Amino acid sequence: MFGHNRSQEPKITSSNDEKTHFLEHAKQAREERARRVIQEKSSILIQAFMRGISARRFYLATIRKNLDDIINYSDEQTEYTPSLSPALALFPHAQRFIRVARKSQTFTKRFECFCKHVIHSLSSDNMKMNYLSLLLNKELAGSWIEHIKYLLLHCLHCLTKLQPDTPAELRSINTLLTVLVSFTSTLNWKLLSGKRGDVLRPAMNQICANILSHIRENGFYVSMEVLLFNGLVKTKPCFKPATMCAVCTLLLRVYLNKSKDGERGFLLHILSVPALTYHMAALAPEIYLRFMGERLITHCLQYLSDYERLQALAVTLEGNRTLCLLANVIHLGFAEVEGVVMDVINFTTVVNRLLQVCGQCIMGKKQTSKSHWHPILGWAAQPFNHNEAVPYIMRQLQVLWSNRAVSILFADMNDFASTKDMSLSSEDGRKSGLKKKKDKKPTTLKADSNLLRVTCSACVMYQAAITVLIQIQAEILSGLAFNSCLLRNLWLLMKGMGSTSHMVKIFLDTIGSEASSLNVSSMLTLFADAAVMLFMILDDVEVYEEQKPFSLSELVELSDLLNQLVFRIIWYDVIDYRKAESDPVFTSAHSLLQLLHERDSRRAFAPPDLWIIKDVRPAQFISCIDKGNKTSQFLLQKMPHVVGHKDRVILFRKLVQNDKESQGIADSANAMPNITYINVSRRRLLEDGYNQLAGLPPVALKGLIRVKFINAQGLDEAGIDQDGVFKEFLEETIKKVFDPGLNLFMATAEQKLYPSPTSSVQENHLQLFEFVGRILGKAVYEGIVVDVPFAPFFLTQVLDNTKNSMYSYLDELPSLDPELYKNLAYVKHYDGDIEELELNFSYDENVMGKLQNYELKPGGRAISVTNANKISYVHYMARFKMHTRIREQTKAFIRGFGSIVSYEWLQMFSTPEVQKLISGDTIDIDLADLRKHTQYYGGFHNNHRVVNWLWDILQKDFNEKERGQFLKFITSCSKPPLLGFGQLEPPFSIRCVEVSDDQDTGDTIGSVLKGFFSIRKNEPAGRLPTSSTCFNLLKLPNYSKKRILRDKLRYSILNNTGFELS
């Protein structure tokens, strides 16, 4: 059975193979048939496609040939001359050609020639040849109008593809523009000549209006935008006057063909083209005048006055294009003056809002990874790719702060100010003349008056321009500052609001009220910013002698207003002190206040007590500072002058004492004194002092310094230093370092000291300057006054005030070089062409017998001085003379001085006040205070006959200068200590020289009795009074007569004789 099965198995296998082979073969056959079907279909499609291409090519070629034949065009022609054909014959071929051309979206020479043919036909008197004649054909008129719409749209499209900087393409652009101009107005249609024209013109005008609407709705503004960018946004515009006239004509026609959204399209695409109105005025003045005649700015302002529409427009434009729109609006606004004058508030509001939009894309003053440099806005969020247009945009923006614009925007204020000025003049006349009837009480402006509203609106706009247009901020301020009447009239308007206290109240109420719709403080902010710019440039002759733009009495009023206002803004928390430095009202008012105070400090124009705030007691204010009150500390930092000078000196001494305690070097019974001992040879006083003190850390130098002098024989001098010997060392060291013979310092004509520009001849001169700074800092730290009169400009640099953007080197130049100041003033006020003087930004100076040339700025030798940059030249020159030449020496001095005396402490004082801190007060000696704090030795006492003579001689016989010489004879400084003689260390002393040092025990009973009975050995008439400056000690013989005392004392102090070492 099993054997039978095995014998059948090969047959079954063979049968299965045959089946599989059959099925595979059938599958392959089906696939082959399907492939052949696909191939056949593909062949049919390819053949159909190729036949279609061939047919289309043939069709297009036929269309082109038919057109070529009828307009007499050939590809081989170099110059096309139209040969007119009947319009009826041309139309069907032209119709088909334009449809084809419109679909292809290409510009061809054939299309240009067709346009020339059509243009030429329009000037034909033969109506059969005139292309416009088809309008009279009732059957073809409709299709002809559609054909013209196609034609004009294709012209617009081609305009976007052509580049006007190529002469050939510019000619093509002119041809296309002529077509557009010809078919959008009936003005030059010969078809309408004669009587027939009067009948047909209304209908034809309607057809043109329909065509204008069609092209506007189908991208007209977009096409014009591209064309204008291509032709105008260049270093030099490519458009010729004829081209610009054609473009402007089309823009005017479409704009006047009003639509629901016409203004938006015009503003979005056309008026945002960089410097458009500037180029319109230059290249197409007649059309520009027609735009103004149509009150374009009025319509634009009406549209932009809607805040939501303006915001929507700004979102589409973004910052850069909004700036271009702003520039065009400004330029157009002051060309079409009526639109601005009619509604100043609307104009300023729109400009302000556009500025705010531009400001939104500013990314701060520093570069970031996402910022892009903008030549007007600074670092911005968006790139600006049209730098070629910046000079033209700048010229448009400059219109805003031109004299004409300012006079228009502030016309109401100027009228008010002129009336106010007249009333002030007449009041002055009444004061100087005979008595008349009492005047009526002057009227006060109401805070909500229309005059204030208009003025504040303009001020807000200008303030926004100053804030947003960062890179031209100085130019805006200069334009406003040097306007002949703006600052003065703003001041008169503010005065019109009432008294100083009333003005302060109004400003405080406005600043503190968020609900106030009238930003009165904007007047003050703009006034302050512009005034700062002006006062930075005005010299003393202009301010004090010519008194422009304000009289000195007005400067006093202004200073009083600012002083009270700035103080109250912080003191009463109207503005949080933490936000004050970012608040425009505070920063502007404070800047002007600071500038006026610094000028007054240098040359007084105001009463001394004007700057002190009388509402707050000094003790209360300083108590708040001691308690860590941040508001008080902020005020002390920003306007320290509101506290009296003496109170600030007391605070300074307190800060020094606190510093000593924190360093562990204060004099105290519980503290171990930090003492440094040095030995100094009188022959090598400066060298020994430098070698032993220059390397000391500041803490050690602030501590006690004990000095032992070594005399000429090399022996130690007797005596123990109880501050007196150190004082002598300090005085002698200062005498040497400030000796002009050492060439570290030089003296001005007024004998004021400043670093020598040629100090480098001294080895290690910068290290010496640092040492001098430390020694002088030690003197100030210890309250030791030294007679070292510094040049004010040098002390200003020590205080670091030159980094203040308001500082002007020119103001202090007379103290250094009066002749140079006179020459620079001549340059500054030169009326003619300054280039006649052949100056450049460099300076020749004789340095130790060699003529050296210095550039005032990089590349200065190649920069000529012109009328445009002469102010800059004057300030560069002053800066070079007073800063650049001594920059390194000053830095070294500051390093040394600042290591002992904190510059935060010095910020409490002005430059003259720091000089007082160094050299004592400039007032006459208070003899009562000096006598009160005088100690007597050797038998003298307060009521001794010789002592009484002495005080009587000083009071009645000596003048102020001689009293100063007397003080210098004894203390080495002619000026009294700032806090009185009670602060003098060592105390002022007088000793009778008949008693030796070892016997002198002060005012004992025996010495007093001896003085009363005039016990003395011999008449000392031949002896002179002597002094020991290191101990502030006067050694006075017991003279028998007052006359002898007076003569001997005067001889000693005038000849500076009689110094002895005690």
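For the structure itself, consult the block above.
Before going into details, it helps to say that this report is about the structure given with it. (Residues numbered from 1 in each chain as written. Predicted model: local features only at pLDDT ≥ 70, side-chain atom pairs only at ≥ 80, totals over all residues. Heavy atoms only, no water.)

### A few points about the sheet that holds strand β9 (residues 935-937)
Think of a sheet as strands paired side by side through backbone hydrogen bonds, with each pair either parallel or antiparallel. Rules: Strand pairing follows a simple DSSP-based rule, namely that at least 2 bridges must link the two strands. Every helix listed is a DSSP run of H or I at least four residues long, and every strand listed is a run of E at least two residues long, numbered separately from the N terminus. Lines fitted to C-alpha atoms define the axes here, with helix axes fitted over just the stretch in contact, and angles between the N-to-C directions of these axes take values from 0 to 180 degrees.
If you trace the four strands from one edge of the open sheet to the other, you get β9-β10-β12-β11, paired in mixed fashion. This sheet does not close on itself; its edge strands, each paired only once, are β9 and β11 (1026-1028). Each adjacent strand pair in this sheet contributes to an overall mean axis angle of 20 degrees, direction not counted. Inspection of the sheet shows β9 paired to strand β10 (residues 989-992) by three bridges, in the parallel sense. Its bridge partner being in β10, Gln935 is matched across the sheet by Ser989.

### Looking at a nonpolar patch on the surface
Rules: Patch membership is restricted to residues that have no salt bridge and whose relative accessible area is over 30%. Joining uses 9 Å for like charges and 5 Å for the nonpolar side chains Val, Leu, Ile, Met, Phe, Trp and Tyr. Note on areas: Shrake-Rupley, 1.4 Å probe, and residue coverage restricted to the protein chains presented here. Between Lys or Arg on one side and Asp or Glu on the other, a salt bridge is scored when a side-chain nitrogen of the former is within 4 Å of a carboxyl oxygen of the latter.
Where nonpolar side chains cluster on the molecular surface, the patch consists of Ile46, Phe49 and Met50 and spans about 320 Å² of accessible area. Within the fold, Met50 resides in helix α1 (residues 2-71).

### Here's the deal with the environment of Ile408
Note the threshold: Here, residues are in contact when the closest pair of their heavy atoms is within 4.5 Å.
Within the element layout of this structure, Ile408 appears in helix α17 (residues 403-409). Separated by 360 residues in the primary sequence, Ile408 and Leu768 have C-alpha atoms spaced 61 Å apart. Setting aside residues no more than four positions away along its own chain, Ile408 makes contact with Phe334, Val337, Val340, Val341 and Val344.

### Details of the state of the cysteines
Our working definition: Defined by distance alone, a disulfide is two cysteine sulfur atoms within 2.5 Å. Under the scheme applied here, a residue whose accessible area is under 20% of the maximum for its type counts as buried, over 50% as exposed, and between as partly exposed, the area being computed with a 1.4 Å probe on protein chains only.
Under the defined criterion, the tally for this structure stands at zero disulfides. No disulfide involves Cys113; its nearest neighbouring cysteine sulfur is the one of Cys115, lying 9.1 Å away. Classification of Cys113 as buried rests on a relative accessible area of 3%.

### Considering the packing of helix α9 (residues 262-270) against helix α13 (residues 307-333)
Axes are the key here: two packed helices are described by the angle between their axes and the distance separating the axes. Applicable threshold: Working rule for angles: under 35 degrees goes down as roughly parallel, over 145 as roughly antiparallel, 65 to 115 as roughly perpendicular, anything else as oblique. Under the scheme applied, nonpolar residues are Ala, Val, Leu, Ile, Met, Phe, Trp, Tyr, Cys and Pro; charged residues are Asp, Glu, Lys and Arg; polar residues are all the others, including Gly.
One way to put it is that α9 packs onto α13 with a least axis distance of 9 Å and a crossing angle of 45 degrees. Comparing the axis directions of α9 and α13 gives the class oblique. Contacts between α9 and α13 involve Arg264, Leu267, Leu268 and His269 from the former and Ala312, Leu313, Thr316, Leu317, Arg321 and Leu325 from the latter. Class assignment for the residues of the contact of α9 with α13 results in six nonpolar, two polar and two charged.

### Some words on the packing of aromatic side chains
Our working definition: In this scheme Phe, Tyr and Trp rings, the latter by its six-membered ring, pair at centre separations within 6.5 Å, and the angle between planes marks the pair as stacked below 30 degrees, edge-to-face above 60, and tilted otherwise. We call a charge positioned over a ring when the NZ of a Lys or the CZ of an Arg lies within 6 Å of the ring centre and within 35 degrees of the ring normal.
Evaluated as defined, the whole model comprises 40 aromatic pairs. Geometrically, the ring pair formed by Phe652 and Phe909 is edge-to-face, given 5.9 Å between the ring centres and 75 degrees between the ring planes. Highlighted residues: Phe652 in helix α29 (residues 645-663) and Phe909 in the loop between α39 (903-906) and α40 (911-919), separated in sequence by 257 residues. Judged on exposure class, the residue Phe652 and its partner Phe909 are both buried. Every member of this aromatic cluster is reached through a ring pair, and the members are Phe738, Phe745, Phe769, Phe790, Phe794, Phe893, Phe897 and Tyr903. We note Arg309 situated over the ring of Tyr303; from NZ or CZ to the ring centre the distance is 4.4 Å. Geometry around Tyr544 places Arg603 over its ring, the cationic atom sitting 4.2 Å from the centre.

### Notes on the side chain of His944
Formally: Under the rule applied, a polar contact is a pair of N or O atoms within 3.5 Å (in protein, one hydrogen donor and one hydrogen acceptor; residues adjacent in sequence only if both atoms are side-chain atoms).
Secondary-structure assignment places His944 in the loop between β9 and α42 (945-957). Classification of His944 by relative accessible area gives buried; the value is 2%. For His944, the side chain forms a polar contact with the main-chain nitrogen of Val946, separated by 3.0 Å.

### A few points about the environment of Leu1036
Tracing the sequence through the fold places Leu1036 in strand β12 (residues 1033-1036). Taking the C-alpha atoms as reference, Leu1036 lies 78 Å from Leu355; in sequence the two are 681 residues apart. Among all residues touching Leu1036, those that are not within four sequence positions of it are Phe940, Val946, Leu950, Ile990, Arg991, Cys992, Val993, Pro1025 and Leu1045.

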